[in-house]
Amino acid sequence: MKPFFLPLFLTITLLISIQPLLAQQKGTLRGSVQESGKSSPLPFATVGVYTQKDSLVGGGIADEKGKFEVVLPLGSFYALVEFMGFEAIKSPLFTLSREQNELNLGRLTLQAFTADLAEVLIQGEKTLMELALDKRVFNVGKDLANTGGNASDILMNLPSISVDPEGNVSLRGSTNVRILIDGKPSGLVSFKGSSGLRQLPANLVERVEVITNPSARYEAEGMAGIINIILKKDEKQGFNGSGELIIGSPLNLGLTANLNYRKNRINWFVNYGLAKRNSLGRGELYQEVYQQDGSTLLLQQKVNSKVSSLNNSLRAGLDYFFSEQSILTASYVWRRSDAHRITNIRYEDYLNTVDNYLGYALRKQDETEDEPNKEAILNFKKRFERKGHELNASFTYLNYWERSNQLFTENAFTPSRQKLPKGSLTQTSLNDEYENQYLLQVDYTQPLGTKGKIETGIRTSFREMENDYLVQEMKESGTYETVNGLDNIFLYDENILALYGILANEWEKWSFQAGLRAEYTDIETRLVETKESNPRTYTNLFPSGHLNYKANAKNAFQLSYSRRIRRPVYNDLSPYVTFSDQRNFFSGNPNLNPEFADAYELSHILYGEKRTLFSTLYYRSTQDKIQRIRSVGENGFSVTAPYNLVGEESYGLEFSGDYTANSWWKLDFNANFFYAAIDGSNLNQDFQATTTSMLFRQTSRFTLDKGWDLQLRGNYEARRRTAQGVQKGVFFLDFSASKKILAQRGTLIFTLSDALNSRINRYVTEGGNFFTEGESQMMLRQANLTFNYRIKP
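Given the structure is predicted, the values throughout are model-derived calculations rather than measurements.

Novice: Whenever I open this one, the pairing of strand 19 (residues 296-323) confuses me. Can you help?
Specialist: Looking down a regular strand, the side chains alternate between one sheet face and the other. In terms of strand pairing, strand 18 (residues 266-290) meets strand 19 through 25 bridges, oriented antiparallel. Each residue of the ladder has a partner; that of Ser-279, found in strand 19, is Val-307. Summarising the sheet, strand 19 and strand 20 (residues 326-351) pair through 26 bridges and their orientation is antiparallel. Looking at the pairing, Leu-299 lines up with Asp-349 of strand 20. Between strand 19 and strand 20, which pair antiparallel in sequence order, lie 2 residues.

Novice: Any chance you could explain the sheet that holds strand 8 (residues 102-110) here in plain terms?
Specialist: The strands making up a sheet associate through hydrogen bonds between their backbones, and the pairing can be parallel or antiparallel. Read across the sheet, 3 strands follow the order 4-1-8 without closing on themselves; strand pairing throughout is mixed. Both outer strands of the open sheet, strand 4 (67-72) and strand 8, are each paired with one neighbouring strand and no more. Taken over all neighbouring pairs, the strand axes of this sheet differ in orientation by 20° on average, direction set aside. Of the strand pairs in this sheet, strand 1 (residues 27-35) and strand 4 are connected by 6 bridges, and their pairing is antiparallel. Within the sheet, the bridge partner assigned to Ser-32 lies in strand 4 and is Lys-67.

Novice: Explanation requested: the packing of aromatic side chains in the structure shown.
Specialist: Between two aromatic rings, the relevant description is the distance of the centres plus the angle of the planes. In total, this model carries 19 aromatic pairs according to the counting rule given. Each ring, one from Trp-510 and one from Tyr-549, has its centre 4.5 Å from the other, and the planes form 40°; the classification is tilted. Of this pair, Trp-510 sits in strand 26 (residues 510-527) while Tyr-549 sits in strand 27 (residues 532-550), and the two are 39 residues apart along the sequence. Measuring from centroid to centroid gives 6.3 Å for Trp-664 and Phe-702, while their planes differ by 25°, and the two rings are stacked. With Trp-664 in the loop between strand 34 (647-662) and strand 35 (665-679) and Phe-702 in strand 36 (residues 688-703), this residue pair connects regions lying 38 residues apart in the sequence.

Novice: Help me understand the pattern of salt bridges, please; the structure alone is not making it clear to me.
Specialist: Oppositely charged side chains can form a pair if their charged atoms are brought close together. Tallied over the full model, the rule gives 26 salt bridges. Of the charged contacts in the structure, one is a salt bridge between Arg-30 and Glu-69, with a shortest N-O distance of 3.0 Å. One end of the pair, Arg-30, is in strand 1; the other, Glu-69, is in strand 4, and 39 residues separate them in sequence. Residue classification places Arg-30 among the partly exposed positions, given a relative accessible area of 29%. A relative accessible area of 52% means that Glu-69 is categorised as exposed.

Novice: Looking at this model, I keep getting lost on a nonpolar patch on the surface. Mind explaining?
Specialist: Residues Phe-239, Leu-259, Tyr-261, Trp-268, Val-270, Leu-314, Tyr-332 and Trp-334 make up a contiguous nonpolar surface patch of roughly 710 Å² in combined accessible area. Broken down by secondary-structure element, the contributors of at least two residues to the nonpolar patch are strand 17 (252-263), strand 18 and strand 20. Here Phe-239 shows up in strand 16 (residues 238-249).

Novice: What exactly am I supposed to notice about the sheet that holds strand 32 (residues 626-632) here?
Specialist: Read across the open sheet, the 3 strands follow the order 29-33-32; overall the sheet is mixed. Each edge of the open sheet carries a strand with a single partner, namely strand 29 (584-586) and strand 32. Put simply, the sheet's adjacent strands are angled 30° from each other on average, direction ignored. Both strand 32 and strand 33 (residues 638-644) contribute to a ladder of 7 bridges, which runs antiparallel.

The rules behind each value
Residues numbered from 1 in each chain as written. Predicted model: local features only at pLDDT ≥ 70, side-chain atom pairs only at ≥ 80, totals over all residues. Heavy atoms only, no water. Pairing = 2+ DSSP bridges. Helix = DSSP H or I, 4+ residues; strand = E, 2+ residues; numbered from the N terminus. Axes fitted to C-alpha atoms, helices over the stretch in contact; angles between N-to-C directions. Phe/Tyr/Trp six-rings, centres within 6.5 Å; stacked < 30°, edge-to-face > 60°. Salt bridge = Lys/Arg side-chain N within 4 Å of Asp/Glu carboxyl O. Buried < 20%, exposed > 50% of the residue type's maximum accessible area, 1.4 Å probe, protein only. Patch = residues over 30% accessible without salt bridge, like charges linked within 9 Å, V, L, I, M, F, W, Y side chains within 5 Å. Areas by Shrake-Rupley, 256 points an atom, 1.4 Å probe, with all protein chains shown as cover.

Remember, this is a structural readout, not a statement about activity or role.
The following block contains the structure:
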C-alpha cells in the first residue's frame with residue numbers, strides 16, 4: 001500500500017492556506033440575550049451581523065451570562081440573534097461610523113417556540129421528500145412501516161429502491177449501488193454487502209439520501225447511484241431523546257434509545273440498539289442436466305434455515321462548539337452480531353423422469369458466527385463570515401472482523417430409505433475475515449459572486465482485508481484432511497486517492513453545477529499459500545453536471561449527467577467457495593475488471609396545494625458490466641461466479657408523487673418503467689437478452705379519531721429477463737397501525753410485514769447443458785408491536 005504522507009501534506013497545506021490572514025477592528029456592537037418573560041439569560045446564543053443585502057459580515061456567540069460583543073467594519077447592518085428552541089429575532093438597521101463606532105443594543109429577548117407536541121406530530125404523519133440539486137432526502141422516521149424493523153426495511157419502503165428476500169438492495173433495478181452511513185463507508189456493508197443493514201435498528205435512522213446521479217463531490221463508486229443513511233443526533237439545549245421497545249413474531253425482541261444532552265458548548269449524543277431475532281427461511285430448486293449420452297439428471301432440492309442472532313449497536317460522541325460557526329465532532333461506533341445458523345438441505349436425484357428415483361441425501365449446516373466491528377470518526381466543520389464559505393475535514397477509522405465456524409454433515413440414502421455405507425460425509429470450515437480502513441477527506445466551499453460557489457476537495461482511503469479459510473473433511477480413519485484448494489489466505493489491499501472540483505451558480509430561473517473528479521486506484525489481491533498475485537492500477541476522470549430551470553412556483557426541471565465506476569471488491573475477487581450447499585457453489589473471480597457507466601437524467605417536479613409529482617426520464621450505458629453467471633458440470637454440481645459482460649444499455653421513466661385527498665387520507669406512489677438490453681456475447685452468444693419491466697409501490701395513510709393512524713402499502717416488482725434466464729415477479733403487502741398515548745408522548749405501533757407471505761424470490765436460469773428453476777424466501781411474514789416514547793426537551 002502507498003503511504004499517505006502526500007495526501008496528508010496536501011491536506012495540512014490546504015487547511016493552513018485558507019485561514020483568514022488578518023482582521024481589522026473598526027467598530028464594536030454589544031448587547032445581551034435573555035428569555036422573554038424571564039430574567040434568565042440565554043448563554044451561547046448566536047449573533048450574526050448582516051448587510052442590507054443579507055451578506056454576513058461578522059458575528060459571535062454570547063457568553064455564559066448572555067452578553068456578546070462583536071467587532072465589525074463601519075457601515076449599516078442588522079443583527080440576527082438565534083438560539084435553539086427559540087424564535088430568532090432581527091434587530092432594526094443600525095450604523096457604525098467614525099463618529100459613533102460603538103453601539104449597545106441593550107437586552108434582546110427571544111420567545112420560546114410555542115408549537116406543542118401534538119402539532120409537531122400532525123405535521124410528521126407523512127413521509128416527506130425534499131428535493132435538492134443532486135439528491136432526494138427522505139425523512140424516514142415518519143413512516144409507520146419502518147417501526148420495529150431495521151435499515152434494510154427502511155430502504156424497502158423508499159421510492160426507486162427495492163430489496164430482494166436475501167437483503168440485496170437495488171436502485172432503479174440495478175444492484176450496483178453504493179451504500180454509506182453518515183456519508184462514509186461502514187463495516188456493516190463490507191463483507192456481507194447490503195444484507196448487513198439488517199443489523200442496524202430502524203429507530204437509529206433519521207433520514208436517507210437517495211442520489212441517482214451524484215455530483216463530483218461524491219465518490220465515483222456505485223453505478224446506479226448512492227444511498228446515504230443518516231443516523232439520529234440532536235443539538236437542542238438541555239436533555240432530550242426517544243426510546244423504543246419491540247416484540248414480534250417470529251421472535252423479534254428489541255430495545256433502542258436515542259439520547260442527547262447539550263449544555264453550553266458541548267452536545268453529547270448516544271444511540272443504542274439491541275435486537276434478538278429468529279429469522280426463518282426456505283427454498284426450493286428443480287434442475288435438469290443434459291448428459292452427452294442423451295440422459296438427463298434431475299434434481300429436486302429443498303432448503304429450510306433458521307438464524308438466531310443477537311445484535312448490539314452503540315454509537316456515542318460529542319460536538320464541541322468553539323462557536324456556532326466552528327464545530328468539532330468526535331464519535332465512536334461499536335457493533336457486534338452473534339449468530340447461530342442451522343440449515344437443512346434435502347437432495348432428491350432422478351434419472352430422465354421423476355418416476356426413476358435414484359435416492360436422496362440430507363445435508364446439515366451448523367454455523368456459529370461472531371462479527372464485532374468498530375468505527376472512530378473525527379470531523380471538523382468551519383463556517384466563515386461569508387454565508388456559504390465552509391471547510392469540512394474528517395478522518396475515519398474502520399475495523400471489522402468475522403469468525404465463522406461451520407460443521408457440515410451429510411448422509412445418502414437409497415429410495416427405500418436405507419443409509420448408504422459410503423454416502424456419509426463430515427466437513428468443517430473455519431473462515432476468519434478482517435478489515436482495516438482509513439479514510440481522510442477535506443472539502444472546501446468558497447462563495448463566488450452573489451449566488452455562485454466553487455467547491456474542491458481531496459479524499460484518500462486505504463483498505464486492508466484478509467480472508468483466512470480452511471476446509472477439512474473427515475476420512476474413514478476419523479482424522480481430518482484438508483480439501484484440495486481450500487486452504488489459503490486471501491489478501492485484498494486497496495488505495496484510492498481522489499481530487500475534485502465543482503463550479504456552481506444561479507441566475508434568474510436557472511442554476512447549474514459542473515464538476516470533475518479524478519480518482520487513482522491501486523488494488524492488489526494475493527493468495528499467500530499459492531503465492532499468486534494480481535495487482536491493478538488505473539486512473540480515471542469522472543465528469544458530472546446538473547442544470548436546473550425553475551419555470552414558476554409550481555414547476556422545476558433538471559438535466560443531469562455523471563460517469564460512474566464499479567470496482568470489483570472483496571466478495572467479487574475472492575476465490576473462496578461457499579460450502580453450505582454441496583451441489584451449488586458461489587465464488588469470486590480474481591480476474592474481474594472494473595465496470596463503467598454513463599448516466600443521463602431529465603427530471604421534472606410539479607408542486608401543488610395537495611400534491612407533488614416528481615418524474616424522471618433516464619438512460620444508462622454500461623461497459624464491462626459485472627454479472628454472476630451460473631455453470632453446471634456433468635455431475636449436476638453448479639458454480640456461480642461474477643464475470644465481465646460486454647455491457648448493458650438501459651433507459652426508463654420513473655414517477656414519484658404524493659396526494660392529500662382530504663384531512664384523513666394521504667397517499668403516495670412510486671412507479672418505475674424500464675427497458676434494458678444485456679450483451680454477454682463475449683462469454684456466450686446465448687447470453688444476450690432484452691427486457692421490459694416495472695416496479696410499483698403505493699402507500700395510503702389514514703388519520704382517524706382519538707389518535708389512531710393506519711397505513712397500507714402495496715409493492716409489485718414485475719418479471720424481467722436476465723442474461724441467463726428470468727427473474728419472476730413478486731407482489732406483497734405491508735400493514736401498520738398506531739395509537740398515540742401518554743399525552744401524545746408515547747405511541748403504540750403494530751406492523752405486519754409481507755402480510756400475504758408472498759415476498760418470494762423466484763427465478764429461471766438456463767445454460768447450454770442445464771435448466772434450473774428455483775425460489776427462496778429468506779424472511780417470512782413478520783408481526784411486530786412497538787412502544788415508542790419521546791422525551792420532550
